[in-house]
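Letter by letter, the chains look like this.
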Amino acid sequence: MSDASSPGLAAPGLTEAHRALLDRFATGDRSALARVISVVEDERPGFESLLDAILARGLRAARVGITGPPGAGKSTLVAALATAYRARGEQVGIVAVDPTSPFTGGALLGDRIRMNELATDPGIFIRSMATRGARGGLATTTREVIDVMDSFGFDRLLVETVGVGQADLEVASAADTVVVALVPESGDAIQAMKAGLMEIADIFVVNKADRPGADRVAREIELTLQFRRGVTLRHVPAHHGVDLPRMRARGATGTSGRQAGEAPGDPGVRADWTIPVLKAVAQSGEGVAELLDALDRHRAYLTESGELQRRRRTRTAARLRDAVERELRRLVWGSEQGRRIAEEWLDKIAAGKATPYAVARQIIAELTGRLYGSD
Ligand SMILES: Nc1nc2c(ncn2[C@@H]2O[C@H](COP(=O)(O)OP(=O)(O)OP(=O)(O)O)[C@@H](O)[C@H]2O)c(=O)[nH]1
Ligand SMILES: [Mg+2]
């Protein structure tokens, strides 16, 4: 890989047009950013080389994901956070992965006005992405668009996604910090647990606390966190000299299972993160300062504990797996030879003389010129 100042060298396959686009991208031209995102999102010819060149510039934004059920107030929270980060002088990128989000004009007029106000701020860039039905497709391109936004140079990236399916969880986990927004409506906390939101949350916000039931939902979440913590603690081996009563006392404040492990050499001390359960009225801005504070504290925790590095590494590993799978798909189905071998073997498979698995190995072996062992 070349250094960031010569992105062209990192991607020899860049077309002239993409090279020019990249130059404009590198100077902070927002229309170039929008264009790059479209190329990546639509997987237009040459998008991989373009991505290579862009990713070679490095990633450094503080990424915050906001997820939760439809209508929980995610966009309202994102708008409030964006405004607050702007007030600190940060450049803010917003990615909304949600077809019904106000960013795409699908919601009430009030939200749209708020978003439009945000959108006229040159320090804020908003991009909404449609949810696609394609198998796995959503998560893949979405994560790449987030990377593109990151490498453009925003200080802060806010990613809104509805927390309903696996793909949404994956998008949320492209963030360094995940905020789960819930509302007081009955059953929300239970739904959140079922949907796997408990596992990915670093911060909970019970939004719409102007409605009845917010305290109850907050308590339910606290209790669930406590319970999970209790279960985790029972597996801590006593002979490591861990001070169980002390840790249990900490666990009672709702410490999650998603923290760095024990500090090496000092098993009694953990770089812990206690998941806060906050209440907010996003519409009026109530509780937003507390959320900002929690986000700052989480950022500090991430860097001090080494957890940020660990999360980035996990993300990179997942990305690498995706990239390898995509390359393999392209190698096989993008080549005349691959398709031809598959075609030739179909009759034999049908006649019971071969299996798809054996043929798959055969195809890869022929295309890569490499023979597998029979193991
Ligand atoms: N009462 C009350 N309403 C709120 C609050 N926050 C947001 N809303 C309203 O709730 C509705 C949904 O808010 P959004 O911010 O669009 O929620 P969302 O989670 O982004 O919704 P989707 O993207 O469609 O899933 C809007 O009408 C908001 O004005 C709040 O704290 N209290
Ligand atoms: Mg929304």
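Structure shown above.
Residues numbered from 1 in each chain as written. Chains lettered and ligands numbered in written order. Predicted model: local features only at pLDDT ≥ 70, side-chain atom pairs only at ≥ 80, totals over all residues. Heavy atoms only, no water.

Caption draft 1: The arrangement of the pairing of strand E1 (residues 62-68) in detail. For E1, the buried fraction is high: seven of the seven residues fall into the buried class. On E1, burial covers both faces: Ala 62, Val 64, Ile 66 and Gly 68 on one face and Arg 63, Gly 65 and Thr 67 on the other are all buried. In this structure, E1 lies alongside strand E5 (residues 177-182), joined through four bridges in parallel fashion. Its bridge partner lying in E5, Val 64 is registered against Thr 177. (Buried < 20%, exposed > 50% of the residue type's maximum accessible area, 1.4 Å probe, protein only. Helix = DSSP H or I, 4+ residues; strand = E, 2+ residues; numbered from the N terminus. Pairing = 2+ DSSP bridges.)

Caption draft 2: Broad picture of helix H5 (residues 74-87). The first and last C-alpha atoms of H5 sit 20 Å apart over 14 residues, in line with the 20 Å expected at 1.5 Å per residue. Buried residues dominate H5, accounting for eleven of its 14 residues. Among the residues making up H5, those that are buried are Lys 74, Ser 75, Thr 76, Leu 77, Val 78, Ala 79, Ala 80, Leu 81, Ala 82, Ala 84 and Tyr 85. Phi turns positive one or two residues past the end of H5, at Gly 89, with a value near 90°. (Expected span 1.5 Å × (residues − 1).)

Caption draft 3: View of the coordination of the magnesium ion (ligand 2). Taken together, Ser 75 (OG) and Glu 160 (OE) make up the protein donors of the magnesium ion (ligand 2), found 2.1 Å from the metal. Taken together, the residues Ser 75 in helix H5 and Glu 160 in strand E4 (residues 156-162) connect sequence positions 85 residues apart. (Donors = N, O, S within 2.8 Å, 3.2 Å for Na, K, Ca; no water.)

Caption draft 4: Just the nonpolar core, in detail. By size, the foremost hydrophobic cluster in this structure holds 53 residues, and its most contacted members are Leu 81, Leu 158, Ile 203, Phe 204, Ile 221 and Leu 291. Per element, the largest residue contribution to this core is eight residues, and it comes from H5. Setting aside residues no more than four positions away along its own chain, Ile 221 makes contact with Leu 182, Ala 189, Met 198, Phe 204, Val 206 and Val 277. Among the nonpolar cores identified, the runner-up in size contains 30 residues, and Val 36, Phe 47, Met 129 and Phe 152 belong to it. (Core = buried A, V, L, I, M, F, W, Y, C linked by side-chain atoms within 4.5 Å. Contact = heavy atoms within 4.5 Å.)

Caption draft 5: Highlighting a nonpolar patch on the surface. Side chains of Leu 320, Val 324, Leu 328 and Leu 331 sit close together on the surface and give an oily, nonpolar patch of about 330 Å² of accessible area. Within the secondary structure layout, Leu 328 lies in helix H14 (residues 307-333). (Patch = residues over 30% accessible without salt bridge, like charges linked within 9 Å, V, L, I, M, F, W, Y side chains within 5 Å. Areas by Shrake-Rupley, 256 points an atom, 1.4 Å probe, with all protein chains shown as cover. Salt bridge = Lys/Arg side-chain N within 4 Å of Asp/Glu carboxyl O.)

Caption draft 6: Representation of unusual backbone geometry. The phi angle at Glu 43 is positive, at roughly 50°, despite the residue not being glycine. Among the structural elements, Glu 43 can be located in the loop between helix H3 (30-41) and helix H4 (47-55). When its relative accessible area of 38% is taken as the criterion, Glu 43 is described as partly exposed. Backbone geometry places Lys 208, a non-glycine residue, at a positive phi of 60°. Its place among the elements puts Lys 208 in the loop between strand E6 (203-206) and helix H11 (214-234).

Caption draft 7: Representation of the pattern of salt bridges in the model. Scanning all chains against the criterion turns up 25 salt bridges. The partner of Arg 24 in a salt bridge is Asp 29, with the nearest N and O atoms 3.0 Å apart. Here Asp 29 falls in the partly exposed class, since its relative accessible area comes to 23%.

Caption draft 8: View of the sheet that holds strand E3 (residues 124-129). Spatial ordering of the open sheet is given by E3-E2-E4-E1-E5-E6-E7, a layout of seven strands whose pairing is parallel. The open sheet has two free edges, formed respectively by E3 and strand E7 (277-279), since each of these has just one partner strand. Taking each pair of neighbouring strands and ignoring which way they run, the sheet shows an average axis angle of 20°. Examined bridge by bridge, E1 and E4 share seven bridges and lie parallel to one another. Each bridged residue has a counterpart across the sheet, and for Gly 68 the counterpart in E4 is Val 162. Helix-sheet contacts for helix H13 (residues 288-305) involve E1, E5, E6 and E7, and the interaxial angle to E5 is about 150°. (Axes fitted to C-alpha atoms, helices over the stretch in contact; angles between N-to-C directions.)

Caption draft 9: Spotlight on the environment of Tyr 301. Tracing the chain through its elements places Tyr 301 in helix H13. The class for Tyr 301 is buried, based on a relative accessible area of 7%. Sequence spacing of Tyr 301 and Trp 273 is 28 residues, and the spatial spacing of their C-alpha atoms is 6.9 Å.

Caption draft 10: Geometry of the packing of aromatic side chains. One pass over the structure, following the stated rule, counts four aromatic pairs. With a centroid separation of 6.2 Å and an interplanar angle of 35°, the aromatic rings of Phe 125 and Phe 154 are classed as tilted. On the criterion of sequence distance, the pair formed by Phe 125 in strand E3 and Phe 154 in the loop between helix H7 (137-152) and E4 is long-range, its members being 29 residues apart. With relative accessibility at 7%, the residue Phe 125 sits in the buried group. One aromatic cluster is present, formed by Phe 25, Phe 125, Phe 152 and Phe 154 through successive ring pairs. When the ring centre of Trp 345 is taken as origin, the NZ or CZ atom of Lys 348, which lies over that ring, is 4.7 Å away. (Phe/Tyr/Trp six-rings, centres within 6.5 Å; stacked < 30°, edge-to-face > 60°. Lys NZ or Arg CZ within 6 Å of the ring centre and 35° of its normal.)

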